[in-house]
Amino acid sequence: SSVSSDRPERSRNAKAQARHRAKRKAYIEQLEQTVTKLQTALALSPDQVAALPPPTLRIRQLEQENAKLIRENDDMRR
């Protein structure tokens, strides 16, 4: 009787795991489609996308450029 009482639990776990795998697969496919659409919209190849600088590096460059422009603006005002 203990063996038969374990089967519904295993079946429930197996179904839950199958649902989780299906949801994860669908999510990954959706992400891949989004990446493809964005690459197409930007007209970038996967190699070009891989060559882009990391966002933190680009943010740092823009912050430095912004600081330089602020200094130049202040100098011109004087």
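Since we're looking at a predicted model, the values are computed, not measured.

J.: Please clarify how the overall build of the protein chain should be interpreted in this entry.
T.: Of regular secondary structure, the protein chain possesses three helices and zero strands. Helices (α) and strands (β) of the protein chain occur, in sequence order from the N terminus, as α-α-α. Considering the protein chain as a whole, with its 78 residues, one finds that 1% of them fall into the buried category. Looking at the protein chain as shown, the accessible area adds up to about 7400 Å², and 56% of this sits on carbon and sulfur atoms.

J.: In this structure, what is going on with the pattern of salt bridges? I would like to understand it.
T.: Where side chains of opposite charge bring their charged atoms close, a pairing between them can arise. Under the criterion given, the structure shown has two salt bridges. One salt bridge connects K68 with E72, and the closest N-O pair in it is separated by 3.8 Å. In this pair, K68 and E72 both sit in helix α3 (residues 55-77), four residues apart, roughly one turn of the helix. Where R78 meets D75, a salt bridge forms, and the shortest distance between an N and an O atom there is 3.1 Å.

J.: Teacher, can you tell me more about a nonpolar patch on the surface here?
T.: Together, Y27, I28 and L31 make up an exposed nonpolar region whose accessible area comes to about 280 Å². Turning to its location among the elements, I28 is positioned in helix α1 (residues 2-42). For I28, a relative accessible area of 39% translates into the label partly exposed.

J.: Honestly, the confidence of the model for the protein chain in this entry has me stumped. Any pointers?
T.: Segments scoring low in pLDDT should not have their predicted coordinates read at a detailed level. Per-residue confidence for the protein chain gives a mean pLDDT of 86; residues scoring 70 or more make up 90%. When mean pLDDT is taken per element in the protein chain, α3 scores highest with 92 and helix α2 (residues 46-51) scores lowest with 82.

Quick notes on the rules
Residues numbered from 1 in each chain as written. Predicted model: local features only at pLDDT ≥ 70, side-chain atom pairs only at ≥ 80, totals over all residues. Heavy atoms only, no water. Helix = DSSP H or I, 4+ residues; strand = E, 2+ residues; numbered from the N terminus. Buried < 20%, exposed > 50% of the residue type's maximum accessible area, 1.4 Å probe, protein only. Areas by Shrake-Rupley, 256 points an atom, 1.4 Å probe, with all protein chains shown as cover. Salt bridge = Lys/Arg side-chain N within 4 Å of Asp/Glu carboxyl O. Patch = residues over 30% accessible without salt bridge, like charges linked within 9 Å, V, L, I, M, F, W, Y side chains within 5 Å. pLDDT = per-residue confidence, 0-100.

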